Amino acid sequence: MCGRVCCALCAPKYEEASSYYDDVNDEYKKPSFINSDTLKFIPSTNLSPSEAVPVLVWDAVQKCPIIKPMVWGMIPPWTSGDYKSGSYTTHNCRIENVKESRLYSAPLTAGKRCVILCEGYYEWKSTVGKHKQPCFLYKAQSPGMKPENESHWSDGKWSKSQGWVGPSLTYLAGLYSAFESKKDSEPILSSTVITMRSSPAVSHIHHRMPAILSSPEVVKDWLNAEDVNMKEAMTLLEPTESVQWHEVSAEVNSSKNKLPTCNKPVDTKKQGGKQMSLTSFFKKPKKDDGDDEANPPKKPKKN
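Keep in mind that this is a model prediction, so the values were computed, not measured.

Asks: An account of the overall build of the chain is needed here, citing residue identities and associated values.
Replies: Looking only at helices and strands, the chain has seven helices and 17 strands in total. Counting every position in the chain, which comprises 303 residues, the buried fraction comes to 52%. For the chain, contacts bridging at least 24 residues in sequence account for 70% of all contacts bridging at least 6. For the chain, the accessible area works out to roughly 15,000 Å², and carbon and sulfur atoms hold 52% of it.

Here you go:
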């Protein structure tokens, strides 16, 4: 499951941190962040479904990855009226039935594969009673690197010879589609995160996890639908063990909280009952897996 993500970096930093090696020119290159006139990405430590997230896609003309802002939560093509007024649980897509899904099978077959860029995601771990402890999970880092530490990102360096040297982004495999809106001048891009059973590194926190891509090479293969077909691409998705995590404050329980401290570690043992009492002020996170099979958006009735 993946219901909240941390995407707190600015566009230029995502370009640097998601750079790739160009073996033809023997140098590292940065994917361009392509801004949208209809959808603005606003960095935040606590982004929830329906908000804009930075997403890597393959540019078939330039033969390279680029970054575009997308709505998190795939907009069904049969949506009528304002897509913002709809209530969708399409931010997650279960890998077990993606090929049969009436919503996700079309973009999968069409090669509309993408990668949601983030510093990490949030999950809620069951503890004593009904209390759920929020945790921040992210790709395993090099020694000394902390993805929740802003200075580690700002101190990171990029060069054509070495690429990005700093904390690692967490690459979430997903699918995307373009929704034609009568109100907007250009199609609205929306995405979904593919989820799967958890690896032992995560299963004690939650039984589901997003499909985290392990390396820049795997990211490139997942994106490049021209050279890597659907069957080959699906074999790239596995429950990874390369995950680290720490407990965070209950302030992340509310999607309205965009505080810089949302992804910072807390010591709940030292806090005693403080974390429990703070949780009661916020709405509990939804228990669904955010996929259209569990909560299918209805198709319009035929006249």
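Asks: With reference to specific residues and values, describe the environment of Ser-215.
Replies: As for its placement among the helices and strands, Ser-215 is situated in the loop between strand E16 (212–213) and helix H4 (216–223). Here Ser-215 falls in the buried class, since its relative accessible area comes to 18%.

Asks: Can you explain the confidence of the model for the chain? Please cite residues and give values.
Replies: Summing up the model confidence of the chain, the mean pLDDT is 88 and the portion of residues at 70 or higher is 87%. Long-range and interchain partners of residues 273–290, a stretch whose pLDDT sits below 50, account for 38 contacts in this model, where long-range means more than four residues apart. The model gives residues 292–303 a pLDDT under 50, and that stretch makes 23 contacts with residues more than four places away or in other chains.

Asks: An account of the sheet that holds strand E4 (residues 44–47) is needed here, citing residue identities and associated values.
Replies: Spatially, E4-E1-E9-E10-E17 is the arrangement adopted by the five strands of the open sheet, whose pairing is antiparallel. Taken across any chain shown, the strands that pair with only one partner, and hence form the sheet edges, are E4 and strand E17 (243–247). Mean inter-strand twist for the sheet, computed between neighbouring axes without regard to direction, equals 30 degrees. Sheet topology note: the strand E10 (residues 132–139)/E17 ladder contains five bridges and is antiparallel. Its bridge partner lying in E17, Phe-136 is registered against His-246.

Asks: Can you lay out H4 for me, pointing to particular residues and giving the numbers?
Replies: Buried residues of H4: Val-218, Val-219, Trp-222 and Leu-223, and no others. Buried residues of H4, seen end-on, are gathered within an arc of 130 degrees and therefore sit on one face of the element.

Asks: I'd like a description of the packing of aromatic side chains, backed by residues and values.
Replies: Applying the stated criterion across every chain yields a total of six aromatic pairs. On the numbers, 6.2 Å between centres and 35 degrees between planes, the contact of Phe-33 with Phe-41 is tilted. According to the relative accessible area criterion, Phe-33 is buried, its value standing at 10%. Between Trp-153 and Trp-164 the ring centres are 6.1 Å apart and the planes differ by 20 degrees, which places this aromatic pair in the stacked class. One end of the pair, Trp-153, is in helix H3 (residues 150–154); the other, Trp-164, is in strand E12 (residues 163–165), with eleven residues separating them in the sequence. As far as burial versus exposure is concerned, Trp-153 and Trp-164 are alike and both buried. Directly above the aromatic system of Trp-158 lies the positively charged group of Lys-30, at a separation of 4.6 Å from the ring centroid. Here Arg-113 stacks its cationic end above the ring of Trp-222, 5.3 Å away from the centre of that ring.

Asks: How would you explain the nonpolar core if you had to name every residue and give the values?
Replies: With 62 residues, the main nonpolar core has Val-5, Val-115, Leu-213, Trp-222 and Leu-237 as its most contacted residues. With residues near it in sequence (within four places) discarded, Leu-213 still touches Val-115, Tyr-171, Ala-173, Val-218, Val-219, Trp-222 and Leu-237. With eight residues, the next largest nonpolar core counts Cys-6, Tyr-122, Tyr-138 and Val-252 among its residues.

Asks: Hey, could you go over the pattern of salt bridges for me, with residue numbers and the actual values?
Replies: Tallied over the entire structure, the rule returns seven salt bridges. For the salt bridge of Glu-16 with Lys-13, the shortest nitrogen-to-oxygen distance reads 3.3 Å. Of this pair, Glu-16 and Lys-13 both sit in helix H1 (residues 11–17), three residues apart, which is roughly one turn of that helix.

Asks: Mind laying out the state of the cysteines, listing which residues take part and the relevant values?
Replies: Here the structure, examined in full by the defined rule, presents zero disulfides. Between Cys-262, a free cysteine, and Cys-6, which holds the nearest cysteine sulfur, the sulfur-to-sulfur gap is 8.4 Å.

Asks: Mind laying out unusual backbone geometry, listing which residues take part and the relevant values?
Replies: Its identity as a non-glycine residue notwithstanding, Asp-26 has a phi of 55 degrees, on the positive side. Its place among the elements puts Asp-26 in the loop between strand E2 (20–22) and strand E3 (27–29). Classification of Asp-26 by relative accessible area gives exposed; the value is 57%.

Procedures and definitions
Residues numbered from 1 in each chain as written. Predicted model: local features only at pLDDT ≥ 70, side-chain atom pairs only at ≥ 80, totals over all residues. Heavy atoms only, no water. Helix = DSSP H or I, 4+ residues; strand = E, 2+ residues; numbered from the N terminus. Buried < 20%, exposed > 50% of the residue type's maximum accessible area, 1.4 Å probe, protein only. Contact = heavy atoms within 4.5 Å. Areas by Shrake-Rupley, 256 points an atom, 1.4 Å probe, with all protein chains shown as cover. pLDDT = per-residue confidence, 0-100. Pairing = 2+ DSSP bridges. Axes fitted to C-alpha atoms, helices over the stretch in contact; angles between N-to-C directions. Arc of directions from axis to C-beta. Phe/Tyr/Trp six-rings, centres within 6.5 Å; stacked < 30°, edge-to-face > 60°. Lys NZ or Arg CZ within 6 Å of the ring centre and 35° of its normal. Core = buried A, V, L, I, M, F, W, Y, C linked by side-chain atoms within 4.5 Å. Salt bridge = Lys/Arg side-chain N within 4 Å of Asp/Glu carboxyl O. Disulfide = S-S within 2.5 Å.

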